[in-house]
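Coordinate analysis (summary)
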Number of protein chains: 2
Amino acid sequence: MRYAVLGTGSVGRTLAARLAGLGHEAVVGTRDPGATLARTGTDAYGNAPFAAWQSAHPGVALATFADAAAGAETVVNASSGAASLGVLTAAGAANLAGKTLVDVANPLDFSHGAPPALDPVNTDSLGEQIQRAFPEAKVVKTLNTMNAAVMADPARVPGAHTVFVSGDDADAKKAVTALLESFGWPSASVIDLGGIATARGTEMLLPVWLRLYGVIGHPDFNFHIARGGTAAAAGA
Amino acid sequence: MRYAVLGTGSVGRTLAARLAGLGHEAVVGTRDPGATLARTGTDAYGNAPFAAWQSAHPGVALATFADAAAGAETVVNASSGAASLGVLTAAGAANLAGKTLVDVANPLDFSHGAPPALDPVNTDSLGEQIQRAFPEAKVVKTLNTMNAAVMADPARVPGAHTVFVSGDDADAKKAVTALLESFGWPSASVIDLGGIATARGTEMLLPVWLRLYGVIGHPDFNFHIARGGTAAAAGA
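One structure accompanies this document, and this report is about it. On a predicted model such as this, the values are computed, not experimentally measured, just so you know.

**What about the sheet that holds strand 1 (residues 2–6) of chain A?**
Residues and elements named next belong to chain A. As summarised here, the arrangement of the 8 strands in space is 3-2-1-4-5-8-9-10, forming an open sheet in which the pairing is mixed. Each edge of the open sheet carries a strand with a single partner, namely strand 3 (60–64) and strand 10 (190–194). Ignoring which end each strand starts from, the neighbouring axes of this sheet average 25° apart. Both strand 9 (residues 163–167) and strand 10 contribute to a ladder of 4 bridges, which runs parallel.

**Examining the interface of chain A and chain B**
If you look at the interface, chain A gives 47 residues, while chain B gives 47 residues. Buried area between chain A and chain B, both sides added, is near 3600 Å², and the carbon and sulfur share of it is 70%. The three residues of chain A that bury the most area against chain B are Met204, Arg211 and Ala226 of chain A, which together make up 14% of that side's buried surface. The tally of links between chain A and chain B comes to 0 salt bridges. Run the count over chain A and chain B and you get 9 residue pairs in polar contact (both at pLDDT 80 or more). Among the secondary structure elements, those contributing two or more residues to the side of chain A that touches chain B are strand 7 (117–118), strand 10, helix 10 (199–203), helix 11 (206–216), strand 11 (221–227) and helix 12 (230–233) of chain A. When its residues are assigned to classes, the side of chain A that touches chain B shows 26 nonpolar, 15 polar and 6 charged. When strand 11 of chain A meets strand 11 (residues 221–227) of chain B, the two strands line up antiparallel, connected through 7 bridges. Across the sheet, the residue bridging to Phe223 of chain A is Ile225 of chain B, located in strand 11 of chain B.

**What about the environment of Val87 of chain A?**
Residue and element names in this part refer to chain A. Considering the arrangement of structural elements, one finds Val87 in helix 5 (residues 81–91). The class for Val87 is buried, based on a relative accessible area of 4%. Sequence separation between Val87 and Gly29 is 58 residues; the distance between their C-alpha atoms is 9.2 Å.

**Observations regarding the relation of the copies chain A and chain B**
Taken as rigid bodies, chain A and chain B are interconverted by a rotation of 180° and an axial shift of 0.0 Å, the fit giving an RMSD of 0.0 Å. Here the two chains are linked by the operation of a two-fold rotation axis. Taking the C-alpha atom as reference, chain A places His224 of chain A closest to the rotation axis, 2.4 Å from it. Both copies share a contact surface, since 100% of the interface residues of chain A are interface residues in chain B too.

**Quick notes on helix 5 of chain A**
Think of an α-helix as turning once every 3.6 residues; residues three or four places apart then point the same way. Residues and elements named next belong to chain A. All of the buried residues along helix 5 are Gly81, Ser84, Val87, Leu88 and Ala91. Along helix 5, the residues classed as buried sweep out an arc of 95° about the axis, all on the same side. The outward face of helix 5, more than 90 degrees from its buried face, is lined by the exposed residues Ala82 and Thr89. Where the residues of helix 5 are buried, they touch strand 1, helix 4 (65–70), strand 4 (74–77), helix 6 (93–96), strand 5 (100–103) and helix 7 (126–133). Phi turns positive, to about 100°, at Gly92, one or two residues after helix 5.

**Some remarks on the packing of helix 5 of chain A against helix 7 of chain A**
Residues and elements named next belong to chain A. For the pair helix 5 and helix 7, the least separation of the axes is 11 Å and the interaxial angle reads 10°. The orientation of helix 5 with respect to helix 7, classified from their angle, is roughly parallel. Between helix 5 and helix 7, the residues in contact are Gly81, Ser84, Leu85 and Leu88 and Leu126, Gln129, Ile130 and Ala133, respectively. Within the contact of helix 5 with helix 7, the residues separate by chemical class into 5 nonpolar, 3 polar and no charged.

**Remarks on unusual backbone geometry**
Residue Pro120 of chain A is bonded to the preceding Asp119 of chain A through a cis peptide linkage, with omega at 5°. Counting through the fold element by element, Pro120 of chain A comes out in the loop between strand 7 and helix 7. Looking along the chain, the bond that leaves Ala114 of chain B and enters Pro115 of chain B is cis, with omega of -10°. Tracing the sequence through the fold places Pro115 of chain B in the loop between strand 6 (108–109) and strand 7 (117–118). In this structure, Asn122 of chain A takes a positive phi of about 75° despite not being glycine. A relative accessible area of 11% places Asn122 of chain A in the buried class.

**Side note on the packing of aromatic side chains**
Considering all chains together, one arrives at 6 aromatic pairs over all chains under this definition. Arranged with centres 5.0 Å apart and planes meeting at 25°, the rings of Trp209 of chain A and Phe221 of chain A form a pair that is stacked. Note that Trp209 of chain A is positioned in helix 11 and Phe221 of chain A in strand 11, a separation of 12 residues in sequence. Both residues of the pair, Trp209 of chain A and Phe221 of chain A, belong to the buried class. With centroids separated by 5.3 Å and ring planes inclined at 45°, the aromatic side chains of Phe50 of chain B and Trp53 of chain B adopt a geometry described as tilted. In this pair, Phe50 of chain B and Trp53 of chain B both sit in helix 3 (residues 50–56), 3 residues apart, roughly one turn of the helix. Accessibility assignment for this pair places Phe50 of chain B and Trp53 of chain B in one class, buried.

The rules we used
- Residues numbered from 1 in each chain as written.
- Chains lettered and ligands numbered in written order.
- Predicted model: local features only at pLDDT ≥ 70, side-chain atom pairs only at ≥ 80, totals over all residues.
- Heavy atoms only, no water.
- Pairing = 2+ DSSP bridges.
- Helix = DSSP H or I, 4+ residues; strand = E, 2+ residues; numbered from the N terminus.
- Axes fitted to C-alpha atoms, helices over the stretch in contact; angles between N-to-C directions.
- Contact = heavy atoms within 4.5 Å.
- Buried area = accessible area lost by both parts, 1.4 Å probe.
- Salt bridge = Lys/Arg side-chain N within 4 Å of Asp/Glu carboxyl O.
- Polar contact = N/O pair within 3.5 Å; in protein donor to acceptor, adjacent residues only side chain to side chain.
- Nonpolar A, V, L, I, M, F, W, Y, C, P; charged D, E, K, R; others polar.
- Buried < 20%, exposed > 50% of the residue type's maximum accessible area, 1.4 Å probe, protein only.
- Least-squares fit on C-alpha atoms with pLDDT ≥ 70 in both.
- Arc of directions from axis to C-beta.
- Parallel < 35°, antiparallel > 145°, perpendicular 65-115°, else oblique.
- Phe/Tyr/Trp six-rings, centres within 6.5 Å; stacked < 30°, edge-to-face > 60°.

Nothing here speaks to function; it is all geometry.
Below, the structure is given as structure tokens:
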């Protein structure tokens, strides 16, 4: 399968490397490949320069957002949430039309200080904004409720834990669920919440995730939905 | 210990019955006890009339919000979130001053249809609003991320799962953690997120909880925070 991963940060790098390791064609999309490769020094999050990362991952190509999306069968939005609509516009609606668009971004809003808030939130979500802006894409919101390393390698967190899926297209959700299983997610760990509007719920997990990161001190944790039986529920 | 439980719905009833069962003095607070006892028929959530419930729980008294709070050492806000500030105002700031105020409510906003949204949300929380309105109370937000039956009897959900605690007063959080342990919560399941502002994070779990309720079909489930080791985290 040919994947475009839009975004050169740790999420994009981690997912592109995982896809390439699984034998897929993975092209990272960026606004200006020359500028991305010319960067030296670590970024704001402490990531090594992209050129250094790419030399360690020769199987991953770099292209413009539009070229990456045009050549892909499936597109992954791994850009920062505040930039995502602009990134996808640069990728081009025609290059997204009819394709599964895996949205792993969160609309973090740093304008109120740290920890970041969300925008949109509550009565809208980034996943819904993207689906409205690109109605011919099949948007599937998933993996946005955990650290990038856990997205690509769920075994980093022992025991059962959950990955949510939200989207309006049943076939696209089926394809994304198969991709998640190829990453190592047991099918029993995948919870399909319903349509893309349910992304409101999963994006709103970020504020507690950010606070848990502070308390736990490392990002190797995840939400698990522990369930009782329906019999027990009868008395609820 | 003498507890006031403000609210006559299923959350208030469940917590009051649990407290009485543990040998505490539990008084349910309501606006007008006479009107509450005069009600016949089930309420909007299908709860039996309070008088019928109370006849089955003779150990639980009923009083006005103010009388219940005045006689209590610890007050539990089990009112609906939209009503909570009014309920606590009726209870009286003087009757809350210096006391631990356990806030288990969520500010559900039904004005946008179902499932409900939140108000306040994102840059504020009900827990913070209550602490600001009653600065002499020691507000501890907890138990708001699950169904009432699970709050009082965590064993309904098998395996490890999590209860969050948020508050500005360390001693009040210590007392609430001991109460949670008496309900059956293992100390390892209690996560102290920090100050009352972290209630933003736990209140924002409600939108996904409501959607999970729809998918799972019963309320006997809960969030668990699955954790990897710090060693694994080094590579994150």
